[in-house]
Amino acid sequence: MRAAIRRFLANFPALSSEALDPRSVRGEIQEPVRSRQGPESPDHIVVPEGWRCNPGSPLVIVRAGIRQVFTQAVLQRLMDANVDGEDFQICVLTRWPVRQRLRRDLKRLASANPDAWRRTLPGLLKLIADQPGRDLIILNDTCLVPNGWASRLRSTIRQSDPGIATVSPLTTGTGTTGYPLQSGPDDPELEIDWPVLDRLASEADDARQAGPIHLPHAPDSCVYVTRGWFESLGKWRAASLFLGLPVSGGVHLLAPQVIVRKCASPAATWKRRQTMETQNNFPSICFSLDLARLRLAAGNRAVLFVTHGLGGGTELHVTDMARRLEKEGTSVFFLRPVGKDGTAVRLASLDTRQMSVLSRLQLPSDFGILAAALRELGISFAHIHHLAGFSAKGIELIMQFMREAGFPYDLTLHDHTAICPRILLLDGNGRYCGEPDTDGCRACISRNGSDFGQVDIAEWRSIWSTILEGARNIYVPSLYLQSRINRYFPAIRPIFRSHPVLESDRALVVSRRPTAPDEHASEGRSRRIAILGALVGHKGFDVVLRCAADARIRRLPLEFVVIGFTADDHAANRAGIRVTGAFDPQDLSALILQERPSAVLFASIVPETYSYTLSTVFALGLMPIAFDTGAVAERLRNAGRGHLLPLCLIDNPAGINDRLLVLPETCYTPFAEEAGFYPDLEWSYYGGIP
């Protein structure tokens with residue numbers, strides 16, 4: 001760092017608090033520099049002089065990096081942002097040769113001749129010295145400014161005590177002034193455009209009413225420098241300021257009513273990277289902005305969904321429910337676990353990305369912040385969908401919060417979590433455990449652990465008994481799961497509520513004719529068997545692997561294709577299984593139609609509680625095949641279609657293949673279960689939302 005400052009100071013050895021005299025400037029160059037110079041070349045300054053400026057307006061100094069990719073865009077944005085009537089004198093400072101394209105753009109933007117440009121750093125000092133009393137704004141060429149930005153920065157100075165050194169806006173990126181996160185990408189992808197975010201900042205009550213927010217030093221990206229403080233700097237601190245290094249001394253304030261957008265990594269600028277500070281220096285401002293963003297999604301009513309972020313059928317269900325409720329005028333916000341300890345949460349809407357304070361609330365210390373946020377959003381009712389990702393302690397804290405906040409809640413049981421903390425009823429070998437007695441469950445958890453840590457099964461079911469008893473309504477998506485819950489919690493009466501039929505499946509039922517079976521089978525070619533989604537251990541990966549190996553050994557006319565991914569794609573390919581890869585759930589029906597399977601195999605070796613892919617198979621009129629267990633078997637029986645394999649065939653791949661070969665080619669009418677149709681969710685599903 002000191003070497004860079006020495007090279008920088010080599011051009012103006014007289015710089016000090018006493019000497020900003022233009023007479024000390026040497027080597028003024030009036031002609032454009034056309035030679036290519038390396039990093040060790042003297043610093044250059046390009047000053048387009050085509051703009052007139054008011055005497056009291058600041059001098060904007062744009063620090064350009066070696067690539068100068070964004071410099072022209074930043075200059076254009078500076079001019080476009082002057083809607084408040086200010087005319088700036090704008091300078092471009094760089095220690096690298098000015099690229100030809102930037103030189104051309106500067107001519108066009110400034111309407112100036114090349115011989116009117118000053119190109120040495122002393123030229124900048126002369127310009128500053130020639131205009132006493134003018135403040136400075138130092139801006140990286142990766143920063144785009146909003147409309148009225150300079151006047152809002154100056155208002156912070158006017159409202160503060162005299163003697164302010166610098167004022168800095170919030171930035172969308174890393175560093176001490178970053179929002180929403182102070183470490184991470186420079187241009188985080190948010191659910192709203194940057195001008196909207198800046199408008200929210202300018203309107204936020206906390207931004208207008210907050211007292212002075214002090215910063216440890218002048219930040220590097222965008223800083224408004226008062227003239228008095230600049231003239232008090234010695235040469236080393238002044239050089240550091242121009243280099244974009246932290247400069248201490250003086251009072252440095254934050255202007256939270258302005259947000260400047262960073263559009264590239266600081267590594268692209270010519271400053272040296274400084275150590276990032278990841279602590280939140282202004283939590284009240286960030287909290288206010290978080291809430292302002294969430295309020296944009298708020299409707300007349302609001303519901304809180306408590307769930308995990310692990311994807312799968314639960315995520316598909318809550319997303320579909322949220323979209324439907326929003327169409328009905330009810331906003332949905334999500335509370336999800338974060339971190340490894342299982343006792344922290346984040347609050348967001350369905351489309352919100354990259355929150356700040358609300359991205360991590362530690363329970364129970366942040367109960368107050370969470371309650372305040374929910375009140376501001378008008379949330380007074382919760383729907384608990386899944387508690388995976390929380391620890392056992394975290395679950396207790398969530399329920400404690402519900403009680404203390406007085407939140408009524410409904411509960412949907414998506415799987416066997418209330419029965420077993422291992423969720424899937426699997427033993428240590430990845431097979432169905434058979435649901436042993438309490439001692440057997442305790443031994444299994446001791447040997448194999450659980451998704452919620454080492455918990456005692458009796459205590460676990462006691463926790464869930466309390467959760468179930470406190471719920472207003474308990475929903476289950478299948479009669480199978482209803483009977484399972486009644487077995488372990490006899491006092492509980494869950495309500496059967498089939499998951500709503502997805503809009504995509506409903507459209508298939510309305511628009512499609514029966515899907516024709518695979519014509520290859522009638523021509524003596526292989527019968528194609530499709531497996532949908534993630535073919536992992538409990539979904540029957542080993543079963544399908546052995547079936548494919550048996551078909552290859554016996555040269556059976558069977559072809560297995562996984563429309564999705566597997567636990568081991570290489571092993572699947574070696575066994576002769578074709579794997580198409582992961583897909584967007586919205587594309588599933590199109591991918592199935594593209595493959596034209598003779599049948600779809602549901603090879604899960606544990607009882608399923610529901611299956612969205614089965615709904616899609618029904619909607620396409622295809623032949624479903626499954627083992628005779630769980631909700632999938634229940635739904636096939638109720639629909640009167642498909643074929644059930646006896647559980648004794650799970651370890652008999654030859655027997656499974658023999659069944660697949662003799663099954664008739666059946667063409668079903670596209671179908672959706674009547675139980676999944678709801679005129680509206682508020683009344684037909686919930687029976688009214690409090």
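Conventions we followed
Residues numbered from 1 in each chain as written. Predicted model: local features only at pLDDT ≥ 70, side-chain atom pairs only at ≥ 80, totals over all residues. Heavy atoms only, no water. Helix = DSSP H or I, 4+ residues; strand = E, 2+ residues; numbered from the N terminus. Buried < 20%, exposed > 50% of the residue type's maximum accessible area, 1.4 Å probe, protein only. Contact = heavy atoms within 4.5 Å. Areas by Shrake-Rupley, 256 points an atom, 1.4 Å probe, with all protein chains shown as cover. Salt bridge = Lys/Arg side-chain N within 4 Å of Asp/Glu carboxyl O. Pairing = 2+ DSSP bridges. Axes fitted to C-alpha atoms, helices over the stretch in contact; angles between N-to-C directions. Parallel < 35°, antiparallel > 145°, perpendicular 65-115°, else oblique. Left-handed = near helix turned anticlockwise from the far one by under 90°. Right-handed = clockwise from strand over helix to strand, strands pointing away. Nonpolar A, V, L, I, M, F, W, Y, C, P; charged D, E, K, R; others polar. Expected span 1.5 Å × (residues − 1).

### Some remarks on the overall build of the protein
Thinking step 1. Tallying secondary structure elements over the protein gives 25 helices and 23 strands in all.
Thinking step 2. Counting across all 690 residues of the protein, residues that qualify as buried make up 56%.
Thinking step 3. Pairs at least 24 apart in sequence give 76% of the contacts found in the protein among residues at least 6 apart.
Thinking step 4. Of the roughly 28,600 Å² of accessible surface on the protein, 50% is carried by carbon and sulfur atoms.

### Here we look at the pattern of salt bridges
Thinking step 1. Scanning all chains against the criterion turns up 26 salt bridges.
Thinking step 2. Here Asp-198 makes a salt bridge to Arg-152, at a shortest N to O gap of 2.9 Å. Here Arg-152 lies in helix H5 (residues 149-158) and Asp-198 lies in helix H6 (residues 194-203), a separation of 46 residues in the sequence.
Thinking step 3. Note that Arg-323 is salt-bridged to Asp-351, the shortest N-O span being 3.0 Å. With a gap of 28 residues between them, Arg-323 in helix H11 (residues 312-327) and Asp-351 in the loop between strand E12 (344-349) and strand E13 (361-362) connect regions that are remote in the sequence.
Thinking step 4. Among the residues examined, Arg-323 registers a relative accessible area of 36% and is labelled partly exposed.

### Points about the sheet that holds strand E19 (residues 558-566)
Thinking step 1. Read from one edge to the other, the open sheet built from six strands follows the order E20-E19-E18-E21-E22-E23, with strand pairing classed as parallel. On the outer flanks of this sheet lie strand E20 (578-579) and strand E23 (643-645), each paired with one strand and no other.
Thinking step 2. Across three bridges, the pairing between strand E21 (residues 599-602) and strand E22 (residues 624-627) is parallel. Following the sheet pairing, Phe-602 is matched in E22 by Ala-626.
Thinking step 3. Sitting on the sheet, helix H22 (residues 612-620) is in contact with strand E18 (527-535), E21 and E22, with an inclination near 165° to E21.

### A short note on unusual backbone geometry
Thinking step 1. Here the amide bond leading from Tyr-179 into Pro-180 is cis, since omega sits at 5°, within 30 degrees of zero.
Thinking step 2. Note that Pro-180 resides in the loop between strand E6 (164-171) and H6.
Thinking step 3. A cis amide bond, omega 5°, links Leu-363 with the succeeding residue Pro-364.
Thinking step 4. Structurally, the position occupied by Pro-364 is in the loop between E13 and helix H12 (367-376).
Thinking step 5. You will see that Gln-354, though not glycine, has its phi angle at about 55°, which is positive.
Thinking step 6. Given a relative accessible area of 30%, Gln-354 falls into the partly exposed group.
Thinking step 7. The backbone phi angle of Glu-435 is positive, close to 55°, even though this residue is not glycine.
Thinking step 8. Using a relative accessible area of 7% as the deciding quantity, one classes Glu-435 as buried.

### Describing the packing of H12 against helix H13 (residues 392-405)
Thinking step 1. Contact geometry of H12 with H13 gives a least axis separation of 11 Å together with a crossing angle of 55°. Considering the angle they form, H12 stands oblique to H13. Once H12 is placed against H13, the crossing between them reads as right-handed. Judged by residue contacts, Phe-367, Leu-370, Ala-371 and Leu-374 of H12 engage Leu-397, Gln-400, Phe-401 and Glu-404 from H13.

### Notes on the sheet that holds strand E16 (residues 474-476)
Thinking step 1. Spatial ordering of the open sheet is given by E13-E12-E11-E10-E14-E15-E16-E17, a layout of eight strands whose pairing is mixed. Sheet topology places E13 and strand E17 (495-496) at the edges, where each strand pairs with a single neighbour.
Thinking step 2. Pairing analysis gives six bridges linking strand E10 (residues 301-306) to strand E11 (residues 330-338), with the strands arranged parallel. From the neighbouring strand, Val-303 faces E11, where its bridge partner is Val-332.
Thinking step 3. This element, H12, spans E10, E11, E12, E13 and strand E14 (379-384) of the sheet and lies at about 15° to E12.

### A look at the pairing of E11
Across a regular strand the side chains alternate sides, sitting on one face of the sheet and then on the other.
Thinking step 1. Most of E11 sits out of view: nine of its nine residues are buried.
Thinking step 2. Taking the sense of rotation as the criterion, the β-α-β connection linking E10, H11 and E11 turns out right-handed.
Thinking step 3. Counting the residues that bridge the hairpin from E11 to E12 gives five residues, and of these Gly-339 lies at a positive phi of roughly 80°.

### Considering the packing of helix H14 (residues 438-448) against helix H15 (residues 457-470)
Thinking step 1. Contact geometry for H14 and H15: axes closest at 9 Å, N-to-C directions at 105°. With respect to each other, H14 and H15 are oriented roughly perpendicular. The residues of H15 that touch H14, namely those facing Thr-438, Cys-441, Arg-442 and Ile-445, are Ile-457, Ala-458 and Arg-461.
Thinking step 2. The residue inventory of the contact of H14 with H15, partitioned by class, reads four nonpolar, one polar and two charged.

### Some thoughts on helix H19 (residues 541-554)
Thinking step 1. The terminal C-alpha atoms of H19 lie 20 Å apart, and with 14 residues this matches the ideal 20 Å at 1.5 Å per residue to within 8%.
Thinking step 2. The set of residues buried in H19 consists of Phe-541, Val-543, Val-544, Cys-547, Ala-548, Asp-550 and Ala-551.
Thinking step 3. At its buried positions, H19 is contacted by E18, E19, helix H20 (569-574), E21, E22 and helix H24 (653-662).
Thinking step 4. At the exit of H19 stands Arg-555, carrying a positive phi of roughly 55°.

### What about the pairing of strand E15 (residues 409-412)?
Thinking step 1. What you see with E15 is no split at all: Tyr-409 and Leu-411 on one side and Asp-410 and Thr-412 on the other are buried throughout.
Thinking step 2. Of the strand pairs in this sheet, E14 and E15 are connected by three bridges, and their pairing is parallel. Its bridge partner lying in E15, Ile-384 is registered against Leu-411.
Thinking step 3. Once the chain exits E14 it traverses H13 before rejoining the sheet at E15, and the crossover so formed is right-handed.

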